[in-house]
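These are the residues of each chain, in order.
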Amino acid sequence: MKTRDGFYLRQALPALAVTVTVFLLPIGAVFLRAFSAPGELAAVVTDRYTWRLLLFTMAESGLSALCSVVLAMPFALFFSRYSFRGRRALLAMSDAAFALPAILAVLGFVICYGNNGLLNKALGLITQGRAKASILYSFKAIILAHVYLNFPVAFSLITTALSSMPDTEEKASRLLGAGEMKTFFRVTLPRIWQSVLAAFTLIFLFCFPSFLIVMTLGGNPRFYTLEAEIYRRTYTDARPASSAALALFSFAVMAVLLLVTGYGSQDRKVSRKARILEKTKGSSRIWAIVLSALIVLFIAPPMLSILYRSFFTKDGVFTLKAWKDIISGARPGAGTAFSKGIGTSMRAIINSIAIALVSSLATVKMASSIAMCSARRNSTFIPLLTMLPMAVGSVTSGLGYAFVSANLPLRNIVTAYLMVLLAHMVVTIPFAVKTLLPGARKIPVRLVLAAKTLGKDTKEAYRLVEKPLLAPYRRRAFAFSFALSLGEVNATLALGEGKVTTVPVLIYKMINQYNYQGASALAVILLAVAIAVFAIGETGETDNALS
Amino acid sequence: MKKVLSVCAVLVIAASCIFAQSVAETQEQKSLTVYAYDTFCGDWGAAGSVIPAFEEATGIKVNLVSAGAAVEVINKVRLEGSGTECDVILGITDDIADRAYDLLEAYESPYIGTIDQSLVFDAESRLIPFDWGTFAFVYDTQAEIEVPSSLMDLTDEQYKGKVILIDPRTSSVGAGLLMWTYNALGDNWESWWKTMTENALTTASGWSSGYGLFTEGEAPIVISYTTSPVYHVMWEDTTRYQALLFPEGHEITIEAAGIVKGTKHREEAEAFIDFLLTSAQVDLANANSMYPVNSTVELPAAYDYAPVPEKTFRTTEELTGKIVQMWTDAIIK
């Protein structure tokens, strides 16, 4: 039902304006740059190499999305049918894993699955050096790392979709003698098809601008995504016009994908009847243990390896050195500490937390008004508009903001922070809106109407009725935004101008200074902060009583 | 109330943020902004000794910005344009020098005469050499491999998955390796790369990430410098990692610094360059594991672990640009 009141739109307008600016600013700058050298765009489009890059990027993201979704399916089916101890915890863990920064996956993978990684050390011990698993530095390593980061997304999305759907039709199908397989393909799949497609699209869009994973785990200079090539042309080739043209090309492709899939998967009907989960017993109890263990075995090892490595040298000698360095701010190795005051690591930790806090507070504020407005006006256009920033890769957004920043009349530490904040919001706003929208749509209009008949105006009704109902979703959106901002590397690296160093940027630099132990210690801190924020975000019951 | 609180919180955070940033930035004093490659600025880099010594000797505060690999350092200055804060760029190698020339001002340091004249590559003194090195493959003696004895040896099946290369497009070390193969192998360089790209464990995007994987034990052979073992001897007291001399000859690389066009701190920048050519020479040998350009400087004892090749190559930057393009066409496209 639509409310004719302009209240929600008025509320959302400033937020929409900021969102559009935050994203148009860098894209506009890239656009201008690409067209300032007219030949470049034509050169990029006619270059066969551009199309090869596109082909590889599509293959890499398509395969990653397909594997994630297919793998997640059996888990989602089980988790949406049975309730058992640890089910909620695992779902929460998958949610948190979604916000894991790619840099931690890279670090964890090298330490855990590398040629000299913990897995191979263990294998070597067990088989006395006979068996060796060669996992990294190949195309399959790229896919594996992408599935690692995105399996939880698929698992969480499909489980949620299934759980919020009554299972009477499945029960009927089984009663009529159709087997589990037949029931799945004939009854369940067609009904959750939209969610499966949405998960696929989302993961595809995540992997499309993949850069760090492709560059470090691919192991072959032929494995390049569009985003990696944009980075290369910008920062090592000094061809800003050419990279701007390529960035524009990449944006166009992503935007088309986003719009095509976005219109299809606008899932606006919210079912009011959820299913009742069965208790596990007998064989299903064993299955619950096996499936839970599989998820933990998939997600945990790389992160536990990072924890281990932060306390041990690569030869397995225990040392607290990395932790002491963080606290003392000392620069080990050559010479004495030259940056006086608090150390680089501490500064990065403060920066990271402060930037994440400010950007996610602002994001949630804006995203809530946008979500409420979209829900009340029944708009497809507004959510789609706010999803558009997803089509901007982080390298592109960093490049755009670097152009903007180069043209600022005044450049100092404050503008550097501002640019980083804005660049982070390009990443956080789409996800915050995505998180808040279902919550906003679930709030029945009749409640607002009831408040109005009791003499409240729309504004008060919003404040007293809708806002509290939206609160759990706001917490979730905050947690997501916080974690995303916390893990952002590319744009910060491009924009910080060496002044704003955040934890993931420092991790990136430490890996490049072959200080894996220091990088691991910082990664543990990053993980700990993200988990703490997620724990707070998950405290609210998102499936509120009204639905 | 809640609103007021959250506004306050944001303000406090913003303030502490800026505060945290400026703790190190003391009151108005002579200052200089230097952009250097990551390894130089890193925990093990030369910056830890060279910069404090310079600050102490001159009273000039150095704002050191770690700007990525050498190639990226140039591009950072280029992207920032006339608004750049950079006064001195440090670590530009001779083979990528042409990418930087138009960004730099000439400086005829009074100490140019102390530089081994064969190393001076820019007649206009825009880029002033401060140290140099020789590319070589470094191997891990604890890995059970047959020690390769030539570049061509590396293409052998037994080294499949055991070598870490570096991308010539993204790193000056990669470009150096490419020119080495070009100079040493003649027409065979292309087939060497075709085989090696498939055989190598990985082609890293920069020296530091490649060397990081090597010291993590991911592969026993990596492209680096003849002087790399010096670092391990000096700081880790181990001779585990050794450089390999190949009969085909080796490629030389020269690292240089230059003053950025339009700098507002020309005087401080000159002092910094002079310092690099004089007092810093020993520090550079110690902490950067590269040969000082002043050949009269006495090298630390650990340099005995850096083998000296008989035959060496130098390449002009024009040729490097051309060959990197040929490599890209042959290997990537």
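Everything below is about the structure shown above.
Computed from a predicted model, the values in this text were never measured in an experiment. (Residues numbered from 1 in each chain as written. Chains lettered and ligands numbered in written order. Predicted model: local features only at pLDDT ≥ 70, side-chain atom pairs only at ≥ 80, totals over all residues. Heavy atoms only, no water.)

Caption draft 1: Representation of the overall build of chain B within the structure. A count of helices and strands for chain B gives eleven helices and twelve strands. The C-alpha radius of gyration computed for chain B amounts to 21 Å, which stays within 12% of the reference 20 Å derived for 333 residues, consistent with globular compactness. With respect to the principal axes defined by its C-alpha atoms, chain B has extents near 70 × 60 × 40 Å. As presented, chain B carries roughly 12600 Å² of accessible surface, and 52% of it is formed by carbon and sulfur atoms. (Helix = DSSP H or I, 4+ residues; strand = E, 2+ residues; numbered from the N terminus. Rg over C-alpha atoms; globule rule 2.2 N^0.38 Å. Areas by Shrake-Rupley, 256 points an atom, 1.4 Å probe, with all protein chains shown as cover.)

Caption draft 2: Summary view of the state of the cysteines. Residues and elements named next belong to chain A. If you walk through the whole model with that rule in mind, you get zero disulfides over all chains. A disulfide-free cysteine, Cys-67 has its sulfur positioned 10 Å from the sulfur of Cys-207, the nearest such atom. Of the residues examined, Cys-67 reaches a relative accessible area of 27% and is grouped as partly exposed. Cys-67 supplies the cysteine sulfur nearest to Cys-112, a cysteine that is in no disulfide, at a spacing of 19 Å. Classification of Cys-112 by relative accessible area gives buried; the value is 5%. (Disulfide = S-S within 2.5 Å. Buried < 20%, exposed > 50% of the residue type's maximum accessible area, 1.4 Å probe, protein only.)

Caption draft 3: How the structure looks around empty space enclosed by the protein. Applying the stated rule across the entire model yields eight cavities of 30 Å³ or more. Approximately 790 Å³ is the volume attributed to the largest cavity. Residue composition of the lining of the largest cavity, by class: 23 nonpolar, eight polar and one charged. Of the voids in this model, the second largest cavity is the one considered here, and its volume is about 110 Å³. Around the second largest cavity sit 13 residues that line it, and Ile-111, Asn-116, Lys-121 and Arg-309 of chain A together with Glu-216 of chain B are the ones nearest its centre. Going through the elements one at a time, α5 (102-113), α6 (118-127) and α13 (283-309) of chain A are the ones with two or more residues in the lining of the second largest cavity. In terms of residue class, the lining of the second largest cavity is made up of four nonpolar, four polar and five charged. (1 Å grid on protein atoms, 1.4 Å probe; cavity = no way out; pocket = protein on both sides within 12 Å on 5 of 7 lines; lining within 4 Å. Points joined across faces, edges and corners; volume = space filled by probe spheres on them. Nonpolar A, V, L, I, M, F, W, Y, C, P; charged D, E, K, R; others polar.)

Caption draft 4: Inspection of unusual backbone geometry at higher detail. Residues and elements named next belong to chain A. Residue Tyr-137 is not a glycine yet carries a positive backbone phi of 55°. We classify Tyr-137 as buried; its relative accessible area is 7%. A positive phi angle is found at Asn-378, which is not glycine, with a value near 55°. Considering the arrangement of structural elements, one finds Asn-378 in the loop between α15 (344-376) and α16 (381-387).

Caption draft 5: Fine view of the interface of chain B and chain A. Taken together, the 64 residues of chain B in the interface contact 63 residues of chain A. Carbon and sulfur atoms supply 56% of the area buried between chain B and chain A, which totals about 5800 Å² over both sides. Applying the counting criterion to the chain B and chain A interface returns three salt bridges. Across the pair Lys-509 of chain A and Asp-38 of chain B runs a salt bridge, and its minimum N-O distance is 3.5 Å. (Contact = heavy atoms within 4.5 Å. Buried area = accessible area lost by both parts, 1.4 Å probe. Salt bridge = Lys/Arg side-chain N within 4 Å of Asp/Glu carboxyl O.)

Caption draft 6: The pairing of strand β5 (residues 128-140) of chain B, seen in detail. All names here are of chain B. Burial runs high along β5: twelve of the 13 residues are buried. Relative to strand β10 (residues 250-260), β5 is paired through six bridges, and the arrangement is antiparallel. From the neighbouring strand, Gly-133 faces β10, where its bridge partner is Thr-253. One ladder, built from five bridges, connects β5 with strand β8 (residues 221-225); its direction is antiparallel. (Pairing = 2+ DSSP bridges.)

Caption draft 7: Inspection of the packing of aromatic side chains at higher detail. All names here are of chain A. Taken as a whole, this structure holds 49 aromatic pairs over all chains when the rule is applied. Ring plane angle 80° and centroid distance 5.2 Å describe the contact between Phe-7 and Tyr-8, whose orientation is recorded as edge-to-face. Here Phe-7 matches Tyr-8 in class, with each residue buried. Arranged with centres 5.8 Å apart and planes meeting at 40°, the rings of Phe-478 and Phe-482 form a pair that is tilted. (Phe/Tyr/Trp six-rings, centres within 6.5 Å; stacked < 30°, edge-to-face > 60°.)

Caption draft 8: Geometry of the pairing of strand β3 (residues 88-93) of chain B. All names here are of chain B. Taking burial as the measure, the six residues of β3 include six buried ones, the bulk of the element. Note: strand β1 (residues 31-36) against β3, three bridges, orientation parallel. Bridging across to β3, Tyr-35 finds its partner in Ile-89. In terms of strand pairing, β3 meets β10 through five bridges, oriented antiparallel.

Caption draft 9: View of the packing of helix α9 (residues 266-277) of chain B against helix α10 (residues 280-287) of chain B. Where α9 of chain B meets α10 of chain B, the axes come as close as 5 Å, and the angle between the chain directions of the two elements is 65°. Along the contact surface, α9 of chain B presents Phe-275, Leu-276 and Leu-277 of chain B, while α10 of chain B presents Ala-280, Gln-281 and Leu-284 of chain B. (Axes fitted to C-alpha atoms, helices over the stretch in contact; angles between N-to-C directions.)

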